[in-house]
Amino acid sequence: MTSPLASALEGGRGAYGLVQLGRPDLVGRILGARLLVQAVGTALAADRLHRHARGGLHALGGAVDVLHGTSMLGLALVCRRRRGWALRQAAGAAVLAAGELALAVSCSRHP
């Protein structure tokens, strides 16, 4: 059984992904699809995993979010036209990464 925080986090990620799917640009739609796949995949897998394994799943999700945020910061540095969008993406990725990593720690503390 997943925690309320995990449900809220993946629900928020999925909703954010759906919003991104509606963007007019291809990059935004691709990122939206990635967010949606990650949300659904994590939610489905977490229900089937032992608590310790769920911790690893959330740590992996957090790592993906950190990589995404880092790439968006790089984009913000080199592309003035997309800077605002990239910084918003980086901020969203930071929030999601923090949530995932908090869940990973929580799962490791309570075997």
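Only a predicted model underlies this, so the values are computations on that prediction, with no experimental measurement involved.

Draft legend 1. Examining the nonpolar core more closely. Core analysis: the biggest nonpolar cluster contains six residues, these being L31, M72, A76, W85, A86 and A90. Looking at this core, the element that brings in the most residues is helix α4 (residues 83–109), giving three residues. Apart from residues no more than four positions distant in its own chain, M72 is found in contact with W85, A86, Q89 and A90. Ranked by size, the runner-up nonpolar core spans five residues in total, among them A6, L9, L35 and L96.

Draft legend 2. Focus on the confidence of the model for the protein. Of all residues in the protein, 95% have pLDDT values of 70 or greater, and the mean over the chain is 90. Per-residue pLDDT, averaged within each element of the protein, yields its smallest value for helix α2 (residues 26–46) (91) and its largest for α4 (93).

Draft legend 3. Broad picture of the packing of helix α1 (residues 4–21) against α2. Axis separation between α1 and α2 bottoms out at 7 Å; the angle between their running directions is 155°. Accordingly, the angle class assigned to the pair α1 and α2 is roughly antiparallel. Seen from above, α1 lies across α2 with left-handed handedness. Residue-level contacts link E10, R13, G14, Y16, G17, L18, Q20 and L21 of α1 to G28, R29, G32, A33, R34, L35, L36, Q38, A39 and T42 of α2. Taken together, the residues of the contact of α1 with α2 break down into seven nonpolar, seven polar and four charged.

Draft legend 4. Expanded view of the environment of Q89. Relative to the assigned elements, Q89 resides in helix α4. Sequence separation of Q89 and T42 is 47 residues, and the distance between their C-alpha atoms is 20 Å. Ignoring anything within four residues of it in the chain, the contact list for Q89 reads Y16, Q20, L31, H68 and M72.

Draft legend 5. Layout of the pattern of salt bridges. Applying the stated rule across the entire model yields six salt bridges. The partner of D25 in a salt bridge is R82, with the nearest N and O atoms 3.3 Å apart. Of this pair, D25 sits in the loop between α1 and α2 while R82 sits in the loop between α3 (51–78) and α4, placing them 57 residues apart in sequence. The buried category is assigned to D25, whose relative accessible area is 14%. Among the charged side chains, a salt-bridge network with shared partners connects E10, R13, R34, D65 and E100.

Draft legend 6. Representation of the side chain of Q20 within the structure. Take Q20: it is sitting in helix α1. Once residues lying within four places of it in the same chain are set aside, the contact partners of Q20 are G28, R29, G32, L35, W85 and Q89.

Draft legend 7. Fine view of the packing of α1 against α4. At a minimum axis separation of 10 Å, α1 and α4 run at an interaxial angle of 160°. As the angle between them shows, α1 and α4 are arranged roughly antiparallel. Relative to α4, the crossing made by α1 is left-handed. Together, L5, A6, L9, E10, R13, Y16 and Q20 of α1 and W85, R88, Q89, L96, G99, E100 and L103 of α4 make up the contact between the two elements. Considering only residue class, the contact of α1 with α4 consists of seven nonpolar, three polar and four charged.

Basis of the calculations
- Residues numbered from 1 in each chain as written.
- Predicted model: local features only at pLDDT ≥ 70, side-chain atom pairs only at ≥ 80, totals over all residues.
- Heavy atoms only, no water.
- Core = buried A, V, L, I, M, F, W, Y, C linked by side-chain atoms within 4.5 Å.
- Buried < 20%, exposed > 50% of the residue type's maximum accessible area, 1.4 Å probe, protein only.
- Helix = DSSP H or I, 4+ residues; strand = E, 2+ residues; numbered from the N terminus.
- Contact = heavy atoms within 4.5 Å.
- pLDDT = per-residue confidence, 0-100.
- Axes fitted to C-alpha atoms, helices over the stretch in contact; angles between N-to-C directions.
- Parallel < 35°, antiparallel > 145°, perpendicular 65-115°, else oblique.
- Left-handed = near helix turned anticlockwise from the far one by under 90°.
- Nonpolar A, V, L, I, M, F, W, Y, C, P; charged D, E, K, R; others polar.
- Salt bridge = Lys/Arg side-chain N within 4 Å of Asp/Glu carboxyl O.

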